[in-house]
Each structure stands twice: as structure tokens, then as C-alpha cells.
Amino acid sequence: MSAAATLALVRAEPHVSFSAVSTYLKCPRSYEMRYVRRAPAETRPGSLVFGSAVHEALATFYDALREGKAAPGPEAMGDAFRASWARQLAGDVPVLFDEKDTAASVEDAGVRLLACFCAQAPPPHAVVDVEAPFAIEIADPDTGEVLPERLVGVFDAVVRDPDGRHRILEHKTGARRWTEDRLAYDLQLTAYSLAAPVMGLGDAAVVVQLLLKTKAPALERYEVARTERDRQDLRRVLVGVLTAVRAGAFYPVRDWHCRGCAFAGACVAG
Ligand code: SF4
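Calculation rules
- Residues numbered from 1 in each chain as written.
- Predicted model: local features only at pLDDT ≥ 70, side-chain atom pairs only at ≥ 80, totals over all residues.
- Heavy atoms only, no water.
- Helix = DSSP H or I, 4+ residues; strand = E, 2+ residues; numbered from the N terminus.
- Rg over C-alpha atoms; globule rule 2.2 N^0.38 Å.
- Buried < 20%, exposed > 50% of the residue type's maximum accessible area, 1.4 Å probe, protein only.
- Contact = heavy atoms within 4.5 Å.
- Areas by Shrake-Rupley, 256 points an atom, 1.4 Å probe, with all protein chains shown as cover.
- Lys, Arg positive; Asp, Glu negative; His and termini not counted.
- Charge placed at Lys NZ, Arg CZ, Asp CG, Glu CD.
- Phe/Tyr/Trp six-rings, centres within 6.5 Å; stacked < 30°, edge-to-face > 60°.
- Lys NZ or Arg CZ within 6 Å of the ring centre and 35° of its normal.
- Axes fitted to C-alpha atoms, helices over the stretch in contact; angles between N-to-C directions.
- Parallel < 35°, antiparallel > 145°, perpendicular 65-115°, else oblique.
- Disulfide = S-S within 2.5 Å.
- Salt bridge = Lys/Arg side-chain N within 4 Å of Asp/Glu carboxyl O.
- Near = heavy atom within 4 Å.
- Nonpolar A, V, L, I, M, F, W, Y, C, P; charged D, E, K, R; others polar.
- Expected span 1.5 Å × (residues − 1).
- Polar contact = N/O pair within 3.5 Å; in protein donor to acceptor, adjacent residues only side chain to side chain.

Let us now look at the overall build of the protein. A tally of helices and strands in the protein yields 10 helices and eight strands. Against the globule reference of 18 Å for 270 residues, the protein gives a C-alpha radius of gyration of 19 Å, in line with a compact fold. Once the C-alpha set of the protein is aligned to its principal axes, its extents read approximately 50 × 45 × 40 Å. Considering the protein as a whole, with its 270 residues, one finds that 43% of them fall into the buried category. Nonlocal contacts in the protein, meaning residues at least 24 apart in sequence, comprise 73% of its contacts between residues at least 6 apart. Roughly 14100 Å² of accessible area belongs to the protein as shown, and the carbon and sulfur atoms make up 54% of that amount. Within the protein, one finds 32 positive and 35 negative side-chain charges whose respective centroids are separated by 3 Å.

Structure representation (C-alpha cells):
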């Protein structure tokens, strides 16, 4: 079964995605708009569209290796990025760029980032899976109750070292290096560490591959570790968010996120 078909099957059951949880934590009203009212997005942030096009290009890189083909070079990666970028810009929902950016400048940055990736990314020993969906049960760490929803997500790529240990690769783009605190507390990475053993990957390492949109593009790699306490904390966050959602706690959090919010008009209109 393809990854897309598996994901569709998983999403047919009660579930919550990490990105839904993250949306709730930033602004519960935005969660309500997207996941409860299913309001149409008014805009899409350019950074999100950019990240998605980079992800698509990187998936073609790891897919080729998984199939035993040669690693695509900068030209092929640039083409994959441009194709995804153009397709996404052609969508109905307008893309919001930062003041200093244009579609052409962002496209150019993407092509240069992917060339940097080709030059700097260490070739994996073996690629096991690409865009691999997961679904795991959520148990309340305090009561032991198993919630009806499963936590679902997608590993960008899963690779295997010569000693058999797996690594889950998470691709990010950004303008700044991650701080130690961000690496220590990022809940998405904790979710991967929770899902890894359930998905047959044992104590897989989680590796962030950050493509830095700096003047001279760079690839930073961070391997993160998580403890059982981190995973317990995440379970508490999941239970807390789902309890709040069931209670209809959808209050607005007005801050800098409002500026690029896809539901700003509907939010103000009530
Ligand atoms: S405009 Fe602000 S408060 Fe309203 S949904 Fe968006 S992020 Fe939340």
C-alpha cells in the first residue's frame, strides 16, 4: 500500500495530527477555524508553501536512494523544487510573502538551498522509508485511559545505519539555527521518539536536517535525545489539548501569529 493510501486509511479513524495539536497550542481559535468549522483558508504563508516545496524535492532525493538509483544532483533537485513551487503558487489561495520576498526571490533561494543539500548532506547507509505515516494510541499517563483518537504523523525519511540502528530524518527550513532550548523541547521531535518503537523502529535517533536560508545557504544537522519524562509530558499535552477541544475551549490568542493567519478575516468577523 502506498504511503498516501496508508495515511488516508489512518485518517479515516478518529485521530489528531501533531500539526493540529501545535495549531491549538498557538491559538485555539485558529484550531477551531481549521479543524472544527473547516473554514476555507484566506491566505497561505509563503514560508509554509516554501517548506512544502523543499520537502517534496527532498522526498524525491530519498526516494531515488531507496530505489537503489543514484542520488539526484542539484539540477534535478532544483527542477523538483521548481515544479512543486509553481504548482503550489498556481493554487486558488493567495500566498503571503514577507515584505522583502517575491515569488522569484524565494524560488531562487529554494534552488540554492537544495544545491547546498546535495553538496553537504551525508549519504545514508540505507533508506528504509520516505514520507512514512505513523499512527499511535494516546494513553493518559496519569489514569492509563486510552483515548479514542490516535496521534498521526509522517516521518520525512527513515534511514538505517550499518549497525542496524534507525534514524528518523526531519527536514526543516529556517533563517536561524535552532537554539539548545528549541532542540530540547520541540514537541514534534518528542512525538517521533514516542512513535518510533511503536512503528518497529526501536530506539531510533531523531535527526533534524535544517536548511538555513542564510546569505550563504548551509545545512545544519542536530541529533536529539528524549527521555521517558519528555514522552510523558507530551502525552499530558495531547490529553490536555483533546480535553480542551472536547470542552469547546476555542479562545483567540492575539499576537504576532495573527499577521499571517489564514483565518484572520473570519476570526475578526466572529
Ligand atoms: S487572527 Fe489571531 S486570534 Fe484569530 S484565529 Fe488567527 S491567530 Fe487566532
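Turning our eyes to something else, we now look at the packing of aromatic side chains. Tallying each qualifying case throughout the model produces 14 aromatic pairs. Judged by centre distance (5.6 Å) and plane angle (75°), the rings of Tyr24 and Tyr31 are edge-to-face. Tyr31 shares its class with Tyr24; the two are buried. Each member of the aromatic cluster is reached from another via a ring pair, and the members are Tyr24, Tyr31, Tyr35 and Phe250. Directly above the ring of Trp178 sits Arg182, whose terminal nitrogen or CZ lies 3.8 Å from the centroid.

So, about the packing of helix H2 (residues 18-26) against helix H9 (residues 228-246). Direction vectors running N to C along H2 and H9 enclose 70°, while the axes themselves pass 10 Å from each other. When the axis of H2 is compared with that of H9, the two are roughly perpendicular. Along its contact with H2, which presents Val21, Tyr24 and Leu25, the element H9 presents Val237, Leu238, Val241, Ala244 and Val245.

Time to look at H2. For H2, the set of buried residues is Phe18, Ala20, Val21, Ser22, Thr23 and Tyr24. Buried residues along H2 sit against strand S1 (15-17), helix H3 (28-36), strand S5 (146-160), helix H8 (187-198) and H9.

Glancing now at the state of the cysteines. Under the definition given, this model contains zero disulfides. The thiol sulfur of Cys118 is not disulfide-bonded, and the nearest other cysteine sulfur, from Cys116, lies at 9.0 Å. What makes Cys118 partly exposed here is its relative accessible area of 23%.

Tallying each qualifying case throughout the model produces 19 salt bridges. The shortest N-O distance in the salt bridge between Glu32 and Arg29 comes to 3.7 Å. Taken as a pair, Glu32 and Arg29 lie in helix H3 at a separation of three residues, close to a single helical turn. Note on accessibility: Glu32 and Arg29 belong to one class, buried. Between Asp161 and Arg167 there is a salt bridge, and its shortest N-O distance comes to 2.9 Å.

All residues adjacent to the ligand are Cys27, Ser30, Pro252, Val253, Arg254, Cys258, Cys261, Ala264 and Cys267. Counted by class, the shell around the ligand contains seven nonpolar, one polar and one charged residues.

Attention now goes to H8. For the α-helix, the turn length of 3.6 residues means that residues three or four positions removed from each other point alike. Taking 1.5 Å per residue as the helical rise, H8 with its 12 residues ought to reach 16 Å, and the 17 Å between its terminal C-alpha atoms agrees with that figure. What H8 keeps buried is the set Gln188, Leu189, Thr190, Ala191, Tyr192, Ser193, Leu194, Ala195 and Ala196. Here H8 starts with a cap whose side-chain oxygen sits 3.0 Å from the backbone nitrogen of Gln188, and that cap is Asp186. Immediately beyond the C-terminal end of H8, within one or two residues, lies Gly200, with a positive phi of roughly 80°.

Everything listed is a geometric property; what it means functionally is a separate question.
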